[in-house]
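Remarks on the overall topology
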Amino acid sequence: MGSSNGALGPVAVVGAGLSGLCLAQYLSRAGVDVHVYEKDPGPFVRRQGYRITADEHGLAALRASLPPRLYELVLATGGEPGGHFRFTDERLRDAFKLTFRSTPDGGRQLDRQVLRSSLLVGLDDRVHYGKAAASLRQEDGDELLLEFADDTSVRASLVVGADGIGSALRARIAPGGEPVSAGLAGIYGRTPLEQHGKQVVPDVLRTSGVLALGKAPGRSFFFTSMRFPEPPQAVFDRLAPDHKPPPCDDYVMWGLTLHTAEVPEEIRADPLGLRTLAARLAHGFHPLIARLIDTADDDATVLSRFVVGQRPTTWSLPRATLLGDAVHAMPPFGAHGGNTALQDAALLGRKLLDSQANGTSVAAAVAAYQTEMQRYAFKAVDSAAAMMRRLTTDGIQKWLMMRVLPKLHRVTVPETV
Ligand SMILES: Cc1cc2nc3c(=O)[nH]c(=O)nc-3n(C[C@H](O)[C@H](O)[C@H](O)COP(=O)(O)OP(=O)(O)OC[C@H]3O[C@@H](n4cnc5c(N)ncnc54)[C@H](O)[C@@H]3O)c2cc1C
């Protein structure tokens, strides 16, 4: 399966997450022989972060990568566009709020599992599960040998590591780019939105993400609702009848930030232990927050450690590259990680197809992608890291947001909720 310098394919993408599937969609649409290798045994074996806020960059990338019908599916299964992001004190009194445009392509909440289901449509025979990439070797000529933990291997003319924060390929493709621990983490949970016939989040926060800053260093509580305008199953029946997303009802996704050292080793993978710790550390926050933690789904609480990606200094293989968290992991402040990952996929897809059209080399397309990607992606990393520092360390900004600004605003959520 050798290839001349300009030929593209076969392409091996490692990781069937957001960026890997988006790139596979882009390339397979253009008739490129692309295959995705995913270490999980199936598409929905883990809860993958529940929902993401797709911004205009993420949506533009999806629009560029997907056939129009699938993009329509993504929009139709997402929350309503527009809304607010509120910074509040512990008692949910507004410090200030950002407002987002309510246009058809404006940012919106997307459930991650449903988005993944949309991204999988049409790729059935191209995604291979139970394939954990272990190593990558340059063979003679342009060919690369991608080896898996199960002792199998495939040859490809381009290998793309889209295997997330713990990337197995990063050290081989971009040595020295290991992300650095931020010393902070989030306990994330998911709570049914509808409880006893009523919505647990009051209507005033219907389309708001909320970040409530706590008094303790590093402490904050984030929550936002995922409301499906129509059951995703029904939208799939209409637009992609051969596929089904996992069952899902409206929910609230929440996260409590803390110092990693505050989480005892023995509960780090224990949902109930994590939820109990979150409830204890959220003492003093608004009663709505206590309620969200107390009524969370039993098995859905997870710990995520925050890391800050480092700019690669070397790209060691001209026909191998990285996308998304594998190269520019960032703490979840500003909601840029997934959007930037999608942006990478669309950019690399475009550069590769342009190179085919212009007769220029795949290696040059990869290099051009890397240069452009590093510019916007590390800007996003820097901004997320700076926002994390400002919001989690005591300083004038946090003091203003917690002690001064909330006193100037009316109560947003009554304490009796
Ligand atoms: C709770 C939470 C909330 C978030 N909210 C937002 C948000 O609102 N907006 C936003 O933009 N971002 C958000 N993010 C960040 C976003 O989820 C990530 O940046 C995004 O998923 C990165 O996409 P990716 O394709 O790089 O990696 P992933 O989506 O993580 O996919 C990586 C894939 O690679 C697979 N894999 C790993 N190792 C191997 C291997 N060795 N071989 C084969 N496969 C492998 C994994 O199983 C996985 O399927 C959030 C993150 C978290 C944790």
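Residues numbered from 1 in each chain as written. Predicted model: local features only at pLDDT ≥ 70, side-chain atom pairs only at ≥ 80, totals over all residues. Heavy atoms only, no water.

- Per an unreviewed UniProt entry, the chain is named 2-polyprenyl-6-methoxyphenol hydroxylase-like oxidoreductase, and its organism is Saccharomonospora marina XMU15.

Some remarks on the packing of aromatic side chains
- Tallied over the entire structure, the rule returns eight aromatic pairs.
- Aromatic pair F221 and W254: ring centres 5.7 Å apart, planes at 20 degrees, arrangement stacked. Taken as a pair, F221 in strand β16 (residues 220-226) and W254 in strand β17 (residues 251-259) lie far apart in primary sequence, 33 residues in all.
- Owing to a relative accessible area of 0%, F221 belongs among the buried residues under this scheme.
- For W254, a relative accessible area of 0% puts it in the buried group.
- Ring geometry for F221 versus F285: centroids 6.5 Å apart, planes at 55 degrees, classification tilted. Taken together, the residues span a long stretch of sequence, with F221 in strand β16 and F285 in the loop between α7 (271-281) and α8 (287-294) at a distance of 64 residues.
- Overall, the relative accessible area of 6% leaves F285 in the buried class.
- Feature note: the residues F85, F87, F96 and F222 constitute an aromatic cluster, connected by ring pairs.
- Positioned above the aromatic ring of Y251 is the side chain of R190, whose terminal nitrogen or guanidinium carbon lies 3.9 Å from the ring centre. (Phe/Tyr/Trp six-rings, centres within 6.5 Å; stacked < 30°, edge-to-face > 60°. Helix = DSSP H or I, 4+ residues; strand = E, 2+ residues; numbered from the N terminus. Buried < 20%, exposed > 50% of the residue type's maximum accessible area, 1.4 Å probe, protein only. Lys NZ or Arg CZ within 6 Å of the ring centre and 35° of its normal.)

Some words on the confidence of the model for the chain
- The share of residues in the chain with pLDDT of 70 or more is 92%, and the mean pLDDT across the chain is 91.
- Across residues 1-5, where pLDDT falls below 50, the model places 14 contacts with residues more than four positions away in sequence or in other chains. (pLDDT = per-residue confidence, 0-100. Contact = heavy atoms within 4.5 Å.)

Section: the site of the ligand
- Residues in close proximity to the ligand total 35 residues, the closest being S19, E38, T53, R112 and G338.
- S19 has a polar side-chain atom sitting 2.7 Å from an oxygen atom of the ligand.
- Contact between the ligand and N339: an oxygen atom at 2.9 Å from a main-chain N or O atom of the residue.
- With the chains in place, 88% of the 1000 Å² that the ligand exposes on its own is no longer accessible. (Near = heavy atom within 4 Å. Polar contact = N/O pair within 3.5 Å; in protein donor to acceptor, adjacent residues only side chain to side chain. Areas by Shrake-Rupley, 256 points an atom, 1.4 Å probe, with all protein chains shown as cover.)

Looking at the sheet that holds strand β1 (residues 11-14)
- Across the sheet, which stays open at both edges, the five strands sit in the order β7-β2-β1-β11-β19 with parallel pairing between neighbours. A single partner strand is all that each edge strand has here, and the edge strands are β7 (127-128) and β19 (320-322).
- Across two bridges, strand β2 (residues 34-37) lies against β7 in parallel orientation. Paired with V36 across the bridge in β7 is V127. (Pairing = 2+ DSSP bridges.)

Digging into the pattern of salt bridges
- Under the criterion given, the structure shown has 20 salt bridges.
- Between E143 and R155 there is a salt bridge, and its shortest N-O distance comes to 3.9 Å. Of the two residues, E143 sits in the loop between β8 (133-138) and β9 (144-148) while R155 sits in strand β10 (residues 153-156), which places them 12 residues apart along the sequence.
- Its relative accessible area of 12% is what places E143 among the buried residues.
- Classification of R155 as partly exposed rests on a relative accessible area of 37%.
- A salt bridge links E262 to R219, with the shortest nitrogen-to-oxygen separation between them at 2.9 Å. Of this pair, E262 sits in the loop between β17 and α7 while R219 sits in the loop between β15 (208-213) and β16; the two residues are 43 residues apart in sequence, bridging distant segments of the chain.
- Judged by its relative accessible area of 29%, E262 falls in the partly exposed class.
- Several salt bridges converge on common partners, so that one network encompasses E139, E143 and R155. (Salt bridge = Lys/Arg side-chain N within 4 Å of Asp/Glu carboxyl O.)

Brief notes about the UniProt feature "domain: FAD-binding" (unreviewed entry) in the chain
- Annotation from UniProt places "domain: FAD-binding" (unreviewed entry) at residues 309-383.
- Taken end to end, residues 309-383 has its terminal C-alpha atoms 12 Å apart, with 64% of it in helix and 4% in strand. (UniProt positions renumbered as here; feature names shortened; annotations may be inferred.)

Regarding the packing of helix α10 (residues 337-358) against helix α11 (residues 362-392)
- At a minimum axis distance of 9 Å, the contact between α10 and α11 shows a crossing angle of 155 degrees. Taken as axis vectors, α10 and α11 run roughly antiparallel relative to one another. Handedness of the α10/α11 crossing: right-handed. Packed against α10, whose contacting residues are T340, Q343, D344, L347, L348, R350, K351, L352, S355 and Q356, the element α11 presents V362, A365, V366, A368, Y369, E372, M373, Y376, A377 and A380 at the interface.
- A class-by-class count of the residues in the contact of α10 with α11 yields 12 nonpolar, four polar and four charged. (Axes fitted to C-alpha atoms, helices over the stretch in contact; angles between N-to-C directions. Parallel < 35°, antiparallel > 145°, perpendicular 65-115°, else oblique. Left-handed = near helix turned anticlockwise from the far one by under 90°. Nonpolar A, V, L, I, M, F, W, Y, C, P; charged D, E, K, R; others polar.)

Section: the environment of R275
- As for its placement among the helices and strands, R275 is situated in helix α7.
- When its relative accessible area of 11% is taken as the criterion, R275 is described as buried.
- In the structure, R275 is positioned 105 residues away from R170 in sequence and 33 Å away in space, judged by C-alpha atoms.
- Beyond its immediate sequence surroundings of up to four residues, R275 is in contact with I293, D294, T295, A296, D297, D298 and T301.
- Polar contacts involving the side chain of R275 include one to the main-chain carbonyl oxygen of D294, which spans 3.1 Å.

Looking at the sheet that holds β8
- Pairing is antiparallel in the open sheet, where three strands are placed in the order β8-β9-β10. Both outer strands of the open sheet, β8 and β10, are each paired with one neighbouring strand and no more. The sheet shows a mean angle of 20 degrees between the axes of neighbouring strands, taken without regard to direction.
- By the bridge criterion, four bridges tie β9 to β10 in an arrangement that is antiparallel. Across the sheet, residue E147 finds its bridge partner in β10, namely S153.

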